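Here are the chains, one letter per residue:
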Amino acid sequence: MSQNFDVIVIGAGPGGYVAAIKAAQSGRSVALVERDQLGGSCLNCGCIPTKTLLANAEIVYNIKRAKQFGITVENVSFDYSKMKERKDDVINKIRSSLEGLIKSNKITIIMGSAEFVDPKTLKVVGDETQMIKGDKIIIATGSKPMDIPSLPCDYKKVHNSTSMLNVTVLPKSMVIVGGGYIGCEFASLYSELGTEVTIVEALDSIVQVQGKSISSALTKAFQKRGITLETGVSVKEIKDVTDGVEVMLSDGRSIKSEIALISIGRSVVSDSMKIENAGLATGARGVIEVDSKMQTSVPGIYAIGDVTGKMMLAHVASHQGVCAAKNACGEESYMHYDAVPAVIFTAPEIAMVGMNFEDAKDEGYAAKSSKFPLQALGKAQATMDVDGFVEMVVDTQTKQILGATIVGHGAADLISEMALAIQNELTVDCVIETIHAHPTMAEAWLEASLIANDTPIHFPPKI
């Protein structure tokens, strides 16, 4: 005997649980299937735990510079195992609240691994095996750290981004293989806590995908903090040696370190659901392809989040979840990706939305870049958060804002103004005519808009 639901969601991450709630709000009966823990990778081994640890590192950073504020702090020490415990407590608290939220929406939680029997039937294997049927099914199975067969993780000396979060003893030194945003966040965290960090990146620069201005700014910041960058070189092998590991590079050199972290990206999770029984096939790298309604090639089956290979960001998964749930419940909705903010939680923080200058030029826009340094802000001087800048990319013909970037303190929160502007196709004049509170870091957007308009107020005019 099987249970019947209007909508079944496979995966309880930030895409899945949001889709389930949205479907439940439409009056549908909803089941949420999860094989591991509620909250998915974001809550349990991604966004939340890393940002919790980074918050610890920020406290350490502020204590180090307390003397500049006229504050004397002596005999400061920290216990990394306690930091790890706090991280676990935060996760458990949020997960408990999430469970209550899901149940309050009268969603049935089913723990176990889901396999397709046919396009509307799933076998869920958990503490017990059960069959469930859904008129509509939403796949939200997420992603996992990408493995490299030639650089296997033993989760003792060689870690991936998941196992690294379970380390309780702060390493004296570490080599991070991969200079993307995940590797750079870990580098920022451990460097601030006193670990000697080396990043090895096969490309010519770290965070190269994010564009030249971001890559250059983060490179300078990391070098200033003592992080060693080895770019344009790959890792051939990681040897287990007595006091740690020896990382063998493609140019013949080697680096000895206490541990190594493999951080070369994430791979989608789609190979355990027997989707072929539903008439579905995966594309390149196991991706489940969808249209702008998040509909797969099989009517009634949707996919959202990392498994779609669109943009591997938690907030994108959540938005896709709302879109898929609306369509599954008969309300037409479409996804678009022109104004998706992305954040790198390094020190300094980096955030971006829309097109960078290079992309805008490649797309044929008469693009102009306008930058404003944070050190020219009164608020930045008051708080001593002067490193960094904001940059806007503007179409000179229409004055429409095409993209924006911020490097500096509070970037993660400040990018939202530009996301709203780009989403609504606003021009720089719209920002200029908006009164910004003083003194705030958000004034930087006003100043950058004025520069883009060739009417700077707190910046010298072009001669």
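Remember, predicted model here, so these are calculated numbers, not experimental data. (Residues numbered from 1 in each chain as written. Predicted model: local features only at pLDDT ≥ 70, side-chain atom pairs only at ≥ 80, totals over all residues. Heavy atoms only, no water.)

Caption draft 1: Broad picture of the sheet that holds strand S22 (residues 401-407). Across the sheet, which stays open at both edges, the five strands sit in the order S18-S19-S22-S21-S20 with antiparallel pairing between neighbours. Strands with a single pairing partner mark the edges of an open sheet, and in this sheet they are strand S18 (342-344) and strand S20 (367-373). With direction set aside, neighbouring strand axes in the sheet form an average angle of 15°. Inspection of the sheet shows strand S19 (residues 350-354) paired to S22 by five bridges, in the antiparallel sense. Following the sheet pairing, Ile350 is matched in S22 by Val407. Packed onto the sheet, helix H10 (residues 411-423) meets S18, S19, strand S21 (389-395) and S22 and runs at close to 175° relative to S22. (Pairing = 2+ DSSP bridges. Helix = DSSP H or I, 4+ residues; strand = E, 2+ residues; numbered from the N terminus. Axes fitted to C-alpha atoms, helices over the stretch in contact; angles between N-to-C directions. Contact = heavy atoms within 4.5 Å.)

Caption draft 2: Region of interest: the environment of Val167. Within the secondary structure, Val167 is located in the loop between strand S8 (158-159) and strand S9 (173-177). The class for Val167 is buried, based on a relative accessible area of 13%. Setting aside residues no more than four positions away along its own chain, Val167 makes contact with Tyr80, Lys84 and His159. (Buried < 20%, exposed > 50% of the residue type's maximum accessible area, 1.4 Å probe, protein only.)

Caption draft 3: The arrangement of empty space enclosed by the protein in detail. The final tally for this structure, using the stated rule, is one cavity of 30 Å³ or more. Approximately 30 Å³ is the volume found for the largest cavity. Lining the largest cavity, in full, are Thr50, Leu53, Leu54, Leu165, Glu185, Phe186 and Leu189. Counting only elements with at least two residues in the lining of the largest cavity, the list comes to helix H3 (47-64) and helix H5 (181-192). Counted by class, the lining of the largest cavity contains five nonpolar, one polar and one charged residues. (1 Å grid on protein atoms, 1.4 Å probe; cavity = no way out; pocket = protein on both sides within 12 Å on 5 of 7 lines; lining within 4 Å. Points joined across faces, edges and corners; volume = space filled by probe spheres on them. Nonpolar A, V, L, I, M, F, W, Y, C, P; charged D, E, K, R; others polar.)

Caption draft 4: Broad picture of the packing of H3 against helix H4 (residues 80-104). Between H3 and H4, whose axes approach to 9 Å, the crossing angle comes to 135°. In terms of axis orientation, H3 runs oblique to H4. Crossing hand, H3 versus H4: right-handed. Taken together, the residues of H4 that come into contact with H3 (itself represented by Ile48, Pro49, Thr52, Leu53, Ala55, Asn56 and Val60) are Tyr80, Met83, Lys84, Arg86, Lys87, Val90, Ile91 and Ile94. Here the residues of the contact of H3 with H4 sort into 10 nonpolar, two polar and three charged. (Parallel < 35°, antiparallel > 145°, perpendicular 65-115°, else oblique. Left-handed = near helix turned anticlockwise from the far one by under 90°.)

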